[in-house]
Amino acid sequence: MDPKRAAVITYGCQMNKYESERIAGILVGLGYEVSDDTRDADLILLNTCSIRDKAEQKVYSQLGTLKWLKRDNPDLLIGVCGCVAQQEGERILQRVPHADLVFGPQNIPKLPSLLAQAQARRHQLSDLADNPLWDEQLFPIQRAHPFQAWVTVMQGCDKFCTFCVVPYTRGREQSRPVAAIVQEVEALAEQGYQEVTLLGQNIDSYGKRSADGKDLADLLSTLYPIDGIKRLRFITSHPRDFTEKLMRTVGTLDKVCEYIHLPVQAGSNPILKRMHRGYTREEYLFKVEQLRTHVSDVAISTDMIVGFPGETDDDFAATLQLTESVEFDAMYLFKYSPRPGTRASAFDHQVSDAVKTERFQALLEVQEAIQLRRNRARVGRYEEVLVEGPSKKGSVQLTGRTRQNRPVNFIGHPSLTGSLVTVRIDKGGVHSLEGEVCTEGRERGGED
Ligand code: SAM
Ligand code: SF4
């Protein structure tokens, strides 16, 4: 008998991608072959994201296209999980009669029983209940990469920024115990993984309510001695909770990469206040200065939202000015989009789409000029690169990332994939570097 086929389609952030790896692990355990190909699938799961844009409409329109597959194969099961599932809930089942199953991010471990029920009962079902943080080790995982792994250390968020759906879709903060994380990272090291990225929506609050009082800095120090793991990263940091202790730890532990994603969202104090971010522009700038003191050659990336309700020309000028003064190494730039149920969606003075687009373009131009300048400044340096495989540009080109998370393209043999090499940088573009692999050993970060 042919194996059953499942298609898992993933939208959104690393957390969603990681959860799709968990879902795939469970499905493989149930005898499915898992891919993202919906043709001939027996099960299709949409793992959705509702952070911005018209996320719900996109999911409904994707579900609309699946109707024809269901017509040809009435046994096909169609499920929706992730943040849109949590947010829309039963509405999805009402609006889409051919959808069988809706479940939230906290209910992934229940997938085997949900699927069994869906198959047996052949009527729609949902599971959107809050669940305490599940012990991820008890569930299999089908990791997408053989040498880079994500490890969730906490879930949820307590911050309630006025623009953001995360606290509504992913619930309150819960941290995994240090021992469980250590066990998972040790197992990864044994399987030959070299780089581990710790994941949390608000990772600097790790351990806030833990009985052992261990914070993220302590966790990194505990993971540091694990043999085989060469690089540790963590995302996403919050400027309010990023402590000097954590900066010192990043600066001292050489396995922890010099790359911090520190979303600022806006450069104007009135906007930061209305966003409920919990820091001022001056406090943010102070943290950046402190970080650069404690972690030499650190790369800082950020998230920025343009067109938040009430954003004036002066507010936007303050964002441009902060961008110029920090000189971010990368920026994820978003037009504000009202999210259902968030406070800001009901604020007065929503900004027109035309103004959002204008500001988006203006900020992008400023940021790209900064990135080009900063990437060109790497020319002549020797950078440690973890080779990820052939680049999109062509088969002889490889691609990888520096410790500062900059993509680097270079000529090399595909057998280098998965290894750490030293690359001499000879060109810097807006989004990536180019260079040449060096055969002889060099101190990383050195220059000619
Ligand atoms: N926890 C992180 C923090 O506090 O910065 C961010 C997590 S959120 C999943 C990722 C990014 O999406 C945010 O930093 C923000 O820039 C963007 N975002 C969230 N809600 C948004 C909205 N309603 N409109 C536009 N961008 C949004
Ligand atoms: Fe959303 Fe704010 Fe929590 Fe980040 S800190 S996940 S932006 S509510």
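Each chain carries its own residue numbering, running from 1 in the written order of its sequence. The naming scheme follows written order: chains are lettered A onward, ligands numbered 1 onward. Since the coordinates come from a predicted model, pLDDT governs what is reported: local features require at least 70, and pairs of side-chain atoms require 80 or more to be given and counted, while whole-chain, interface and lining totals use all residues. To obtain the side-chain values, all non-hydrogen atoms of the structure were used and water was disregarded.

K.L.:
Looking at this structure, how should I read the state of the cysteines?
P.N.:
In protein chemistry, a disulfide is the covalent bond that joins the sulfur atoms of two cysteines. The criterion for a disulfide is a pair of cysteine sulfur atoms lying within 2.5 Å. Going through the model one piece at a time under the given rule, you end up with 0 disulfides. Cysteine Cys-83 remains unbridged, with the sulfur of Cys-49 as its closest cysteine sulfur at 6.3 Å.

K.L.:
I tried to follow the site of ligand 1 on my own but got confused; where do I start?
P.N.:
Being near a molecule or strand, for a residue, means having at least one of its heavy atoms within 4 Å of it. Neighbouring ligand 1 are 16 residues; Arg-52, Gln-201, Gln-265, Asp-303 and Ser-337 lie closest to it. For ligand 1, a nitrogen atom lies 2.6 Å from a polar atom in the backbone of Gln-201. Whenever a nitrogen or oxygen atom comes within 3.5 Å of another N or O atom, the pair is scored as a polar contact, on the condition that within protein one atom can donate a hydrogen and the other can accept it, and that pairs from neighbouring residues in sequence are kept only if both atoms are in side chains. Residue Arg-277 places a side-chain N or O atom 3.0 Å away from an oxygen atom belonging to ligand 1. In isolation ligand 1 offers 570 Å² of accessible surface; the protein chains occlude 92% of this area. Listing elements by their share of the shell around ligand 1, those giving two or more residues are strand 13 (299-306) and strand 14 (330-335). Residue composition of the shell around ligand 1, by class: 6 nonpolar, 5 polar and 5 charged. Here, Shrake-Rupley sampling with a 1.4 Å probe gives the accessible areas, and only protein chains in the shown set may cover a residue. Helix numbering and strand numbering both begin at the N terminus, where a helix is a DSSP run of H or I of at least 4 residues and a strand a DSSP run of E of at least 2. In this count, Pro and Cys sit with the nonpolar residues alongside Ala, Val, Leu, Ile, Met, Phe, Trp and Tyr, while Asp, Glu, Lys and Arg are called charged and the others, Gly among them, polar.

K.L.:
Can you walk me through the packing of helix 8 (residues 216-223) against helix 9 (residues 244-252) in this structure?
P.N.:
Helix-helix packing is characterised by the crossing angle of the two axes and by the distance between the axes. Note on geometry: axes are C-alpha line fits, over the in-contact stretch for helices, and angles between N-to-C directions span 0 to 180 degrees. Taken N-terminus to C-terminus, the directions of helix 8 and helix 9 make an angle of 20°; their axes are 8 Å apart at the nearest point. Comparing the axis directions of helix 8 and helix 9 gives the class roughly parallel. Our pair here, helix 8 against helix 9, has a crossing hand that is left-handed. Residues Leu-216, Ala-217, Asp-218, Leu-220 and Ser-221 of helix 8 form the contact with helix 9, whose own contacting residues are Lys-245, Leu-246 and Thr-249. What sets the label is the angle itself: under 35 degrees gives roughly parallel, over 145 gives roughly antiparallel, 65 to 115 gives roughly perpendicular, and the rest give oblique. By convention the crossing between two helices is left-handed if the near helix lies anticlockwise of the far one by an angle smaller than a right angle, and right-handed if it lies clockwise. Contact between two residues is taken to exist if any of their heavy atoms lie within 4.5 Å; hydrogens are not considered.

K.L.:
Just checking my understanding: could you explain the environment of Leu-30 for this structure?
P.N.:
Here Leu-30 lies in the loop between helix 1 (14-29) and strand 2 (32-35). In this structure the C-alpha to C-alpha distance between Leu-30 and Leu-115, which are 85 residues apart in sequence, comes to 9.9 Å. Setting aside residues up to four positions removed in sequence, Leu-30 forms contacts with Lys-4, Pro-112 and Leu-115.

K.L.:
Mind showing me how you'd approach the pattern of salt bridges here?
P.N.:
Note on pairing: side chains with opposite charge can pair once their charged atoms come close. Here a salt bridge means any side-chain nitrogen of Lys or Arg lying within 4 Å of a carboxyl oxygen belonging to Asp or Glu. Counted by the stated rule, this structure contains 31 salt bridges. With a shortest N-O distance of 2.8 Å, Asp-127 and Lys-110 are connected by a salt bridge. You can see Asp-127 sitting in strand 6 (residues 125-127) and its partner Lys-110 sitting in the loop between strand 5 (101-103) and helix 5 (111-121), a full 17 residues away along the chain. Exposure remark for Asp-127: the relative accessible area of 12% places this residue in the buried category. Under the scheme applied here, a residue whose accessible area is under 20% of the maximum for its type counts as buried, over 50% as exposed, and between as partly exposed, the area being computed with a 1.4 Å probe on protein chains only.

K.L.:
Quick question: what am I supposed to make of the sheet that holds strand 2 here?
P.N.:
In space, the 6 strands of this open sheet follow the order 2-1-3-4-5-6, with parallel pairing throughout. Two strands bound the open sheet, and with one partner strand each, they are strand 2 and strand 6. Across the sheet, the mean angle from the axis of one strand to that of its neighbour is 15°, orientation sign disregarded. Being paired, for any two strands, means DSSP has found at least two bridges between them. With 6 bridges connecting them, strand 3 (residues 43-48) and strand 4 (residues 77-82) associate as parallel partners. From the neighbouring strand, Leu-46 faces strand 4, where its bridge partner is Val-80. Contacting strand 1 (4-10), strand 2, strand 3 and strand 4, helix 1 runs over the sheet at an angle of about 160° to strand 3.

K.L.:
In this structure, what is going on with helix 12 (residues 313-326)? I would like to understand it.
P.N.:
Think of an α-helix as turning once every 3.6 residues; residues three or four places apart then point the same way. In this analysis, the expected span of each helix is defined as 1.5 Å times one less than the number of residues it contains. For helix 12, with 14 residues, the first-to-last C-alpha span of 20 Å sits near the 20 Å given by 1.5 Å per residue. Listed in full, the buried residues belonging to helix 12 are Asp-315, Phe-316, Ala-318, Thr-319, Leu-322, Thr-323 and Val-326. Considered in projection along helix 12, the buried side chains sweep an arc of 150° and stay on one side of the axis. For helix 12, the exposed residues lying more than 90 degrees away from the buried face are Asp-313 and Asp-314. Among the structural elements, helix 10 (269-275), helix 11 (281-294), strand 13, strand 14 and helix 13 (353-376) are those in contact with the buried residues of helix 12. Two residues or fewer past helix 12, Glu-327 is found with a positive phi of approximately 60°. This arc corresponds to the set of directions leading from the helix axis out to the C-beta atoms.

K.L.:
Before we go on, may I ask you to explain the packing of aromatic side chains in this structure?
P.N.:
Working definition: an aromatic ring pair is given by the centre-to-centre distance plus the angle between the planes. Planes of paired rings set the category: under 30 degrees apart is stacked, over 60 is edge-to-face and the rest tilted, where pairs are Phe, Tyr or Trp rings (Trp by its six-membered ring) whose centres lie within 6.5 Å. Under the counting rule described, the total for this entry stands at 6 aromatic pairs. Where Phe-308 meets Tyr-336, the ring centres are 5.4 Å apart and the plane angle is 75°; that geometry is what we call edge-to-face. Of this pair, Phe-308 sits in the loop between strand 13 and helix 12 while Tyr-336 sits in the loop between strand 14 and helix 13, and the two are 28 residues apart along the sequence. Both residues of the pair, Phe-308 and Tyr-336, belong to the buried class. Within the aromatic cluster, the residues linked to one another by ring pairs are Phe-163, Phe-308, Tyr-336 and Phe-347. Counting as a charge over the ring demands two things of the Lys NZ or Arg CZ atom: a distance within 6 Å of the ring centre and an angle within 35 degrees of the ring normal. The ring of Tyr-32 is capped by Lys-4, whose NZ or CZ atom sits 4.5 Å from the centre of that ring. Seen from the ring of Tyr-60, Arg-95 lies directly overhead, with NZ or CZ sitting 3.7 Å from the centre.

K.L.:
Before we go on, may I ask you to explain the site of ligand 2 in this structure?
P.N.:
Looking at ligand 2, the residues that line it are Cys-157, Lys-159, Phe-160, Cys-161, Phe-163, Cys-164, Val-166, Pro-167, His-238 and Arg-277. Class assignment for the residues of the shell around ligand 2 results in 7 nonpolar, 1 polar and 2 charged.

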